Amino acid sequence: MDVHSFSKPDEAKVKHYDLDLTVDFDKKIISGKAACTIETGKGAKHLILDTRDLKIDKVTIGKDEKPAEFKLEKPVQFLGSALIIDIEEGTTLVTVYYSTSPTAAAVQWLNPEQTAGKKHPFLFTQSQAILARTWVPCQDSPGLRITYSATVHVPVGLLALMSATNPTELSKDGVYHFEMTNPIPSYLLALSVGDIVFKPISNRTGVYAEPATIDKSVYEFADLENMVDAAEKLYGPYAWGRYDLLVLPPSFPFGGMENPRLTFATPTILAGDRSLTSLVAHELAHSWSGNLVTNATWDDFWMNEGFTVYFERRIMEALYGKPFADMQAVLGYQDLEDNVNELGKESRDTDLKLQLKDRDPDDGMTSIAYEKGYFLLRLIEENVGREKMDNFLKTYFKSHSFQTITTEAFLEYFDKELIKGNTALANKIRINDWVYHPGIPTNCPKIISERFNEVEAQSDAFIKGTSAIKLNTKDYQTNEWMHFLSKLPTTMDRAKMNDLDHTFHFTDSGNSEILALWLERVINSNYEPAYPALENFLVHVGRRKFLKPLYADLLKTPQGIKMAKDIYAKARPNYHSVATNTIDEMIAKATK
Ligand code: BES
Ligand code: ZN
């Protein structure tokens, strides 16, 4: 039972979509038809599809396209409108003719000025969690799987890509054909259109990007094949054929999205030194945790993200060593602590198992699923040993391939396969405390990074008065700089800010993670010399993870609120709906 979908799969279930879509950049509309191959249950009378802001023109049944009766229910907040189509037991084909709204929440339409090349428009979709229904009428629940094929018509000269088999070159007529033959949940439906080129990295991996960013991308992701290789060695064969990346314009609201065969990624990981590629390991890991074995509902979101962060750090460890992976784990712990403090130690939103009924599932998508989930898996590993852990996970992915998993089914599986009646082991892990109780359990693993201990010695020294030039920051990579910055107070006097900036040039950093941490200190310290850099960042980057803390810091003071509003007026047209929803709400709260 999924509280975020109107569909009734027991009555009639979609197994395959055949889409025929036309992308109109002038009208900002995607229109066409979705032919649904369905399976019906006993006495079936209706096929129910989720839609939101879709215009339904007509619905037909069967190959001979007999008109069908249908009704579109009143829209419900977050969920949209149920499309109820009259069918019979035994109906196998239902075709919906429809068009999207120009404000469809999944879709971002970029004009040429919002792209790197400035010459052509661009489009991308973001379907997770429940936005697929704003561009495809579908049974929009992660517990249901479909295969799909699609024909997509775009302006001649632009490339179209989907979470499916993809072209590597322009078609002459602007028509592209796609196939996804592995069953996937609807939140993995994805489309992007633009002036996009392809370069291979290995036989089965490569990068798509705008011409202006393709070479930088190829350099940045040189280890792509090694990542896939490491992932397969850990948890079994990669099930999806090719693994490519699409580097999007900077308005992409997430770091990455694990669309099958084609991860969508923010360009803010193009640091120039390959130091932010753990994000790619993360999206790749979803090819197992998430795309092969999928959270049954959004209340089980940690089954996707917690497992993926664990897998991501194992890939990073395999490629770059344990000290590297442990630095990332310590940064993750910091993130977890901050998130728990923000939500409140007693908040049920800090349970791993969420309760998102009557809420936007986006509200549950906090660091808890990621980092509390990670630390639970790490705790299990520390108690059973790595060999058992890896066998357990490998078997888990294999035995649940192309299936969904609820938290409860996992707990049962965990009991049966790992605990096996060993109460001493169960008492060490106390998995229910993690899953059904708030906060950070007392048995959470403490991770020690020697490298970070040295970094803390430097940040302490700076706080106590040592000048920046005297600090030993030799050989610092991105992780160390991030830890160094996060250990500095968010408010510092002008002399200290000047000293840091003149010595380390943070304001000019081309590394988005370092810059974002610095800009938090810029805001809290009223460090005016960096205001232009702050504005530039907020206007051009639409990645919500960066926007949230920066706007939150600005909104703490009256003059900050004014600045936030001025900047947001310029920036808002550049953001995807996922980001504007969050920032609109933050600004409304701060100014009411
Ligand atoms: N699947 C998520 C992104 C997502 C989550 C979209 C929930 C919509 C709703 C993706 O795999 C992800 O976790 N991205 C992270 C990066 C990661 C390295 C933690 C992000 O975008 O920050
Ligand atoms: Zn993820």
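Residues numbered from 1 in each chain as written. Chains lettered and ligands numbered in written order. Predicted model: local features only at pLDDT ≥ 70, side-chain atom pairs only at ≥ 80, totals over all residues. Heavy atoms only, no water.

A. Inspection of the overall build of the chain at higher detail. Looking only at helices and strands, one finds 18 helices and 21 strands in the chain. In terms of overall dimensions, the chain is globule-like: its C-alpha atoms have a radius of gyration of 24 Å, near the 25 Å expected for 592 residues. Taken along the three principal axes of its C-alpha coordinates, the chain extends 80 × 65 × 55 Å. Within the chain, the proportion of its 592 residues that are buried is 58%. (Helix = DSSP H or I, 4+ residues; strand = E, 2+ residues; numbered from the N terminus. Rg over C-alpha atoms; globule rule 2.2 N^0.38 Å. Buried < 20%, exposed > 50% of the residue type's maximum accessible area, 1.4 Å probe, protein only.)

B. Main features of the nonpolar core. Membership of the largest hydrophobic core comes to 197 residues, with the highest contact counts inside it found for Phe410, Trp518 and Tyr551. Apart from the residues within four sequence positions on either side, Phe410 is in contact with Trp302, Met303, Phe307, Phe392, Tyr396, Ile405 and Ile431. (Core = buried A, V, L, I, M, F, W, Y, C linked by side-chain atoms within 4.5 Å. Contact = heavy atoms within 4.5 Å.)

C. Examining helix α12 (residues 478-486) more closely. In terms of residue burial, α12 counts as a mostly covered element, since eight of its nine residues are buried. Looking at α12, one finds that the buried residues are Thr478, Asn479, Glu480, Trp481, Met482, His483, Phe484 and Leu485. If you follow the buried residues of α12, they end up packed against α5 (322-343), α11 (450-463), α13 (494-504) and α14 (512-524).

D. Fine view of α5. Look at α5: 31 Å from first C-alpha to last across 22 residues, which is about the 32 Å you get at 1.5 Å a residue. Within α5 the residues assigned to the buried category are Phe324, Ala325, Asp326, Met327, Gln328, Ala329, Val330, Leu331, Gly332, Leu336, Asn339 and Val340. On its buried side, α5 packs onto α3 (278-285), α4 (301-320), α6 (367-384), α11 and α12. Where α5 ends, the next residue or the one after it, Gly344, has phi of about 105°, a positive value. (Expected span 1.5 Å × (residues − 1).)

E. A look at the site of ligand 1. If you check the shell around ligand 1, you find 15 residues, and the closest are Gln128, Gly255, Glu258, Glu283 and Tyr370. Gly255 is positioned such that a nitrogen or oxygen atom in its backbone is 2.5 Å from an oxygen atom of ligand 1. Within the side chain of Glu283, a nitrogen or oxygen atom sits 2.7 Å from an oxygen atom of ligand 1. Notes on ligand 1: free accessible area 520 Å², of which the protein chains cover 89%. At the level of secondary structure, the elements contributing two or more residues to the shell around ligand 1 comprise β18 (256-257), α3 and α4. A total of three residues in the shell around ligand 1 trace back to one element, the largest contributor, which is α3. (Near = heavy atom within 4 Å. Polar contact = N/O pair within 3.5 Å; in protein donor to acceptor, adjacent residues only side chain to side chain. Areas by Shrake-Rupley, 256 points an atom, 1.4 Å probe, with all protein chains shown as cover.)

F. Quick peek at the domain arrangement of the chain. The domain boundaries assigned to the chain delineate domain 1 (1-190), domain 2 (196-276), domain 3 (293-436) and domain 4 (451-590). Distance between the C-alpha centres of domain 1 and domain 3: 31 Å. Facing 16 residues of domain 1, the contacting portion of domain 3 comprises 18 residues. Of the roughly 1,400 Å² buried between domain 1 and domain 3 on both sides combined, carbon and sulfur atoms contribute 64%. Counting the surface domain 1 buries against domain 3, the share from its top three residues, His4, Pro142 and Arg145, is 36%. (Domains from an automatic or database assignment. Buried area = accessible area lost by both parts, 1.4 Å probe.)

G. Representation of the packing of aromatic side chains in the model. Summed over all chains, the structure comprises 42 aromatic pairs. Above the face of the Tyr97 ring, Lys58 is positioned so that its terminal group lies 4.5 Å from the ring centre. Over the aromatic face of Tyr219 sits the side chain of Arg274, whose NZ or CZ is 3.8 Å from the ring centroid. (Phe/Tyr/Trp six-rings, centres within 6.5 Å; stacked < 30°, edge-to-face > 60°. Lys NZ or Arg CZ within 6 Å of the ring centre and 35° of its normal.)

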